[in-house]
Amino acid sequence: MNGGELLVKTAIEAGVEVCFANPGTTELPIVTSLDKTSGIKAFLGLFEGVCTGAADGYGRMLDKPAMVLLHLGPGLANGISNLHNARRAKSPVLTVVGEHATWHRDADPPLAMDIESVARTVSGWWRTSKSAFDIGVDVSEAVAATRLGQVATLIVPHDYQLAECDSPKMETSDGHFDTFDPDAIKAVASRLRTSRKVALMLGGRALRKPGLDAAARIQKATGCGLFTQTFPGYIERGAGMPIVERLPYFPRQATRVISQYEVVLFAGASEPVAFFGYPGFGSRILTDEQERMTLCTDRQNVVEALENLADVLGGPSHGISGDNLVAGGERQAIPDGKLTAEKACLTLAAMQPENAVIVDESATSGFLYFAPPPWLPAYSLMTLTGGALGQGIPCATGAAIACPERPVINLEADGSAMYTVQALWTQAHEGLNVTTLICSNRSYRILQVEMVHAGNTSPGQNAQSLTELTKPPINWARIAQGFGVPGVTVSTAEDLAQELSSAFAEPGPHLIEMLLP
Ligand SMILES: Cc1ncc(C[n+]2csc(CCOP(=O)(O)OP(=O)(O)O)c2C)c(N)n1
Ligand SMILES: [Mg+2]
């Protein structure tokens, strides 16, 4: 066995089943090894941001890592933006990057760069393998690190991938959580009993069903409010799930909502801060007077911590019922007439199939989607956690690979869609059930809005040309077709409904450009 085979075998033993790759010469021994031992299916992404975004989507869906295989420093650098989003989503991702042969490094070949420096900006764990024999231990430790909800990056020199390493160190190490102190949970419980208004701010795994169930028990026992930060990585919503309020994007609005609470308890979430430093407004969303409490660290199991807290508080054994339910009642009528962003959200909400996965990178057009009337069937929602555009189409691709039986719907802003549009090809190549809804307002609308907020009410020629996506307008239907995805354009709610029902009925990917004002 050589180092490449050891890498693949260990990854398979650690539970890795898919690899999103854009390899080069320095990764070819690993590519060859992927066929020598069966257990990992490889998917080609035509840009590294597609691979990393797909691994993020896969990790968010299954809470287990996909492997990403990237070519040297430049390949990793191309993928970094979506690894940044993965880090902010606390997604498990195993990134494997090839490195030049150790004996070749000193020659400073053209593609050489400081890979570790790039890796450390997004990775909770990173390492360059020291020998072929070590690769097994390296992979197993990397996978264990991902279980804490982080990106782990292993850099593997080409000569070590090729080197024979019979009877290597094989190791499977389980990522394990730090234990928490039951007295700390009791202290939180007694503070909650004595405070008038408590907000429970949920993040990470707390937004999956077991965490939400425990949070709903705490809500039943204390009357606390349930919140998520503006951009949750993964949240289960709709019928059967408790109502969790989303902090508004703009900081003044967010402060207005959260300042009603005396105590804010963080569970899997960190303290919210403004997206940007606006003049006249500080970094913090909470006021100085508000008390902050943290239920557990990122290295502890937040779901267990919530369940413990619910037990100590004497919450009911099942929290999600009755008044804190998002009801699964009747669907509303489909709107009619010329499409607007609001009508697009309402049409989707009215048509949404059971158990859908919504990948939301819709920027200004989808603000209304999070708070539609409570008739939605159960669904999972993933959002743009790190604000780095180009996450939606790859994330939807990874989600569809993780859960092929679930319909994936990608609500996607037109500017954002252009960063990693190549992911459509992977969707076509793999026949994935993804419906991409392009919110075609033909502008970087949010930047236009921010410019007005900042006092530039009559943008000059440069400001206009840097925020308008016209001359020529992007032809989305033809772009989709060029990648092998059926594509159409709609401008009314009725046509959108018609196209959605055909897209949901027919297997494989579809793209619908929604012309919006
Ligand atoms: C990687 C990256 N590059 C640039 C930006 C800056 N940026 C933020 S929003 C935006 C425009 C978004 O336009 P679009 O996706 O069409 O959404 P809209 O505002 O029109 O709803 C840009 C360029 C960013 N957030 N991330
Ligand atoms: Mg736009």
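A brief look at the structure comes next. Remember, it's a predicted structure, so these values are computed and weren't measured experimentally. (Residues numbered from 1 in each chain as written. Chains lettered and ligands numbered in written order. Predicted model: local features only at pLDDT ≥ 70, side-chain atom pairs only at ≥ 80, totals over all residues. Heavy atoms only, no water.)

### Things to note about the pattern of salt bridges
As enumerated under the stated definition, the model contains 15 salt bridges in all. When the shortest N-O distance is used, the salt bridge between Lys41 and Glu430 registers 3.5 Å. Taken together, the positions of Lys41 in strand β2 (residues 41-44) and Glu430 in helix α15 (residues 423-430) put the pair 389 residues apart, joining distant regions of the chain. Its salt-bridge partner being Glu271, residue Arg292 comes within 3.0 Å of it at the nearest N-O pair. Taken together, the residues span a long stretch of sequence, with Arg292 in strand β12 (residues 291-294) and Glu271 in the loop between β11 (263-267) and β12 at a distance of 21 residues. One salt-bridge network, in which partners are shared between bridges, spans Arg127, Asp138 and Glu141. (Salt bridge = Lys/Arg side-chain N within 4 Å of Asp/Glu carboxyl O. Helix = DSSP H or I, 4+ residues; strand = E, 2+ residues; numbered from the N terminus.)

### A short note on the sheet that holds strand β16 (residues 434-440)
Here we have seven strands laid out as an open sheet, ordered β9-β14-β13-β15-β16-β18-β17, and mixed in their pairing. Edge strands, defined here as strands with exactly one partner in the open sheet, are β9 (235-237) and β17 (487-490). If you compare each strand with its neighbour and ignore which way they point, the axes differ by 20° on average. Summarising the sheet, β9 and strand β14 (residues 379-383) pair through three bridges and their orientation is antiparallel. Bridge assignment links Ile235 to a residue of β14, and that residue is Leu381. (Pairing = 2+ DSSP bridges. Axes fitted to C-alpha atoms, helices over the stretch in contact; angles between N-to-C directions.)

### Quick notes on the coordination of the magnesium ion (ligand 2)
At this site the magnesium ion (ligand 2) is bound by Asp414 (OD), Asn441 (OD1) and Ser443 (O), with donor distances of 2.1 Å. Donor residues for the magnesium ion (ligand 2) sit on one chain with the sequence pattern D-x26-N-x1-S. Here Asn441 and Ser443 have matching classes, each one buried. (Donors = N, O, S within 2.8 Å, 3.2 Å for Na, K, Ca; no water. Buried < 20%, exposed > 50% of the residue type's maximum accessible area, 1.4 Å probe, protein only.)

### What about the site of ligand 1?
With respect to spatial proximity, 17 residues lie near ligand 1, and among them Thr364, Asp414, Gly415, Ser416 and Ile446 are the closest. Taking Gly387, its main chain carries an N or O atom lying 2.9 Å from a nitrogen atom of ligand 1. Alone, ligand 1 offers 590 Å² of accessible surface; in the complex the protein occludes 76% of this. Where the shell around ligand 1 is concerned, the elements lending two or more residues are α14 (414-417) and α16 (445-453). Of the residues in the shell around ligand 1, the class split is eight nonpolar, seven polar and two charged. (Near = heavy atom within 4 Å. Polar contact = N/O pair within 3.5 Å; in protein donor to acceptor, adjacent residues only side chain to side chain. Areas by Shrake-Rupley, 256 points an atom, 1.4 Å probe, with all protein chains shown as cover. Nonpolar A, V, L, I, M, F, W, Y, C, P; charged D, E, K, R; others polar.)

### Here we look at the sheet that holds strand β1 (residues 18-22)
Strand pairs in the sheet, formed through backbone hydrogen bonds, run parallel or antiparallel to each other. As summarised here, the arrangement of the six strands in space is β2-β1-β3-β4-β6-β5, forming an open sheet in which the pairing is parallel. Only two strands of the sheet have a single partner each, and these edge strands are β2 and β5 (123-128). Between one strand axis and the next, the sheet turns by 20° as a mean value, whatever way the strands run. Note that β1 and strand β3 (residues 66-70) share four bridges and pair parallel. Bridging across to β3, Ala21 finds its partner in Leu69.

### Here's the deal with the environment of Val490
Within the secondary structure layout, Val490 lies in strand β17. On the accessibility criterion, Val490 (3% relative accessible area) is buried. Put simply, Val490 and Leu516 are 26 residues apart on the chain and 9.3 Å apart in space, counted from C-alpha to C-alpha. The contact partners of Val490, leaving out residues within four places of it in the chain, are Leu339, Asp495, Leu496, Glu499, Ile512, Glu513, Met514 and Leu515. (Contact = heavy atoms within 4.5 Å.)

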